[in-house]
Amino acid sequence: MSVVPSTGNGKVTVPSILERKSGVSSQNSSPAKITCLTAYDYPTARLLDEAGVDVLLVGDSLGMVVLGYESTLPVTVEEMLHCTRAVRRGTRHALLVADMPYGSYHDDPAAAVRHAVRFVKEAGAEAVKIEGGESRMDLIARIVDAEIPVMGHIGLTPQSVNAFGGFRVQGKTTEAGEQILRDARAVEAAGAFSIVLESIPRELAARITAELRIPTIGIGAGPDCDGQVLVIHDLLGLSFGHKPKFARRYADVGEIISRAAAEYCRDVQQGSFPSDEESYHVRAEKVGSLFAQRK
Ligand code: KIV
């Protein structure tokens, strides 16, 4: 499998994402906001890529929206690699970023670098995403040093769900906001090329966006970030349970699937599926000999 994405023809790259930082455009106008969506399989990746999404993120959110876990914590490196390969095959223009799952970068830094290398070498990712701020500085720098671009992720980092006591908006007090600001600075200083800001007050996200030189990509962080990311299942109406207020639903694909499946069951039970036109046939003159041989 070729894991080297061809450049040119509008291919989104790490340098082209850096150029999309607000206020960095050569024309003195604001560059277009960065669009990012999650993808976990080949057909979704193809559709999103062809629709012009800039960044496809194989998020460990797949644990919740695809595999049905209660959190992202059980997701393994092998599961992430499997999905990243499928997304790679469907992606031509977008930048492909893979999430490092919980446990893959939390103990031995050398093992963390080896895991990051697998995403690039075996699955065709062009960058990896790592949750955490100040405490991940050295690790981010090591992975960047191994020629792997890193997207940071701070604020509500879902892998910290137990430490946070649930999926809660972060950075609402002065101290918590200041810590998130320090985290953002640390991620940038460590060499990350962009940073996800998840579920923090709009005002804090705007402050971080104004201060950092790398683009911020918000999810539940208001409209002032340099880009936005959503989980594709939320956008399509394919997720169950609590719906955060930032997760705007652009389609109700869940309803379409339910209706189609119910219609299919009805047609099979009523004998109207498959029809004669949907069946294969032998030529009329062969029917006799076909049954004759059976006797
Ligand atoms: O796992 C994921 O999908 C993410 C995004 C929500 C940023 O981390």
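A few points on the structure.

Procedures and definitions
Residues numbered from 1 in each chain as written. Predicted model: local features only at pLDDT ≥ 70, side-chain atom pairs only at ≥ 80, totals over all residues. Heavy atoms only, no water. Core = buried A, V, L, I, M, F, W, Y, C linked by side-chain atoms within 4.5 Å. Buried < 20%, exposed > 50% of the residue type's maximum accessible area, 1.4 Å probe, protein only. Contact = heavy atoms within 4.5 Å. Salt bridge = Lys/Arg side-chain N within 4 Å of Asp/Glu carboxyl O. Helix = DSSP H or I, 4+ residues; strand = E, 2+ residues; numbered from the N terminus. Expected span 1.5 Å × (residues − 1). Disulfide = S-S within 2.5 Å. Pairing = 2+ DSSP bridges. Axes fitted to C-alpha atoms, helices over the stretch in contact; angles between N-to-C directions. Near = heavy atom within 4 Å. Polar contact = N/O pair within 3.5 Å; in protein donor to acceptor, adjacent residues only side chain to side chain. Areas by Shrake-Rupley, 256 points an atom, 1.4 Å probe, with all protein chains shown as cover.

Comments concerning the nonpolar core
- Membership of the largest hydrophobic core comes to 54 residues, with the highest contact counts inside it found for Phe119, Val128, Ile143, Ile195, Leu197, Ile200 and Ile208.
- Apart from the residues within four sequence positions on either side, Leu197 is in contact with Ile154, Ala205, Ile208, Thr209, Thr216, Ile217, Gly218, Ile219, Ala221 and Cys225.
- Ile17, Ile34, Leu57 and Ala127 belong to the second-largest nonpolar core, a separate cluster that totals 16 residues.

Side note on the pattern of salt bridges
- Summed over all chains, the structure comprises 16 salt bridges.
- Between Glu122 and Arg118 there is a salt bridge; the shortest N-O distance is 2.9 Å.
- A relative accessible area of 24% means that Arg118 is categorised as partly exposed.
- A salt bridge links Glu285 to Arg283; the shortest N-O distance between them is 3.2 Å.
- Judged by relative accessible area, which is 60%, Glu285 ranks as exposed.
- Among the charged side chains, a salt-bridge network with shared partners connects Glu78, Arg85, Arg118 and Glu122.

Observations concerning helix α8 (residues 174–190)
- Compared with an ideal rise of 1.5 Å per residue, which puts 17 residues at 24 Å, α8 spans 24 Å between its outermost C-alpha atoms and is within 8% of the ideal.
- Listed in full, the buried residues belonging to α8 are Gly177, Ile180, Leu181, Asp183, Ala184, Ala186, Val187, Glu188 and Ala190.
- On its buried side, α8 packs onto α6 (137–145), β5 (150–155), β6 (194–198) and α9 (202–211).
- With its phi angle positive at about 110°, Gly191 sits one or two positions after the end of α8.

Notes on the environment of Val196
- Relative to the elements of secondary structure, Val196 occurs in strand β6.
- For the pair Val196 and Thr216, spaced 20 residues apart in the sequence, the C-alpha separation amounts to 5.9 Å.
- Sequence-distant contacts of Val196, that is, excluding residues within four places in its chain, are made with Lys129, Met151, Gly152, His153, Ile154, Ile217, Ile219 and Val229.

A look at the state of the cysteines
- In the structure shown here, the tally under the stated rule is zero disulfides.
- The thiol of Cys36 is unpaired, and the distance to the nearest cysteine sulfur, on Cys225, comes to 12 Å.

Let's talk about the sheet that holds strand β2 (residues 55–58)
- Strand order around the closed barrel formed by eight strands is β1-β2-β3-β4-β5-β6-β7-β8, with parallel pairing between neighbours. Between one strand axis and the next, the sheet turns by 25° as a mean value, whatever way the strands run.
- Two elements, β5 and β6, share five bridges in a ladder whose sense is parallel. Within β6, the position partnered with Met151 by the bridge is Ser194.

Focus on the site of the ligand
- Surveying the vicinity of the ligand reveals the residues Thr38, Leu57, Gly59, Asp60, Ser61, Asp99, Lys129, His153, Val196, Ile219 and Val231.
- Contacts to the ligand include Ser61, whose side-chain N or O atom sits 2.5 Å from an oxygen atom.
- At a separation of 3.1 Å, an oxygen atom of the ligand approaches a polar side-chain atom of Asp99.
- Against a free-state accessible area of 260 Å², the protein chains account for coverage of 96% of the ligand.

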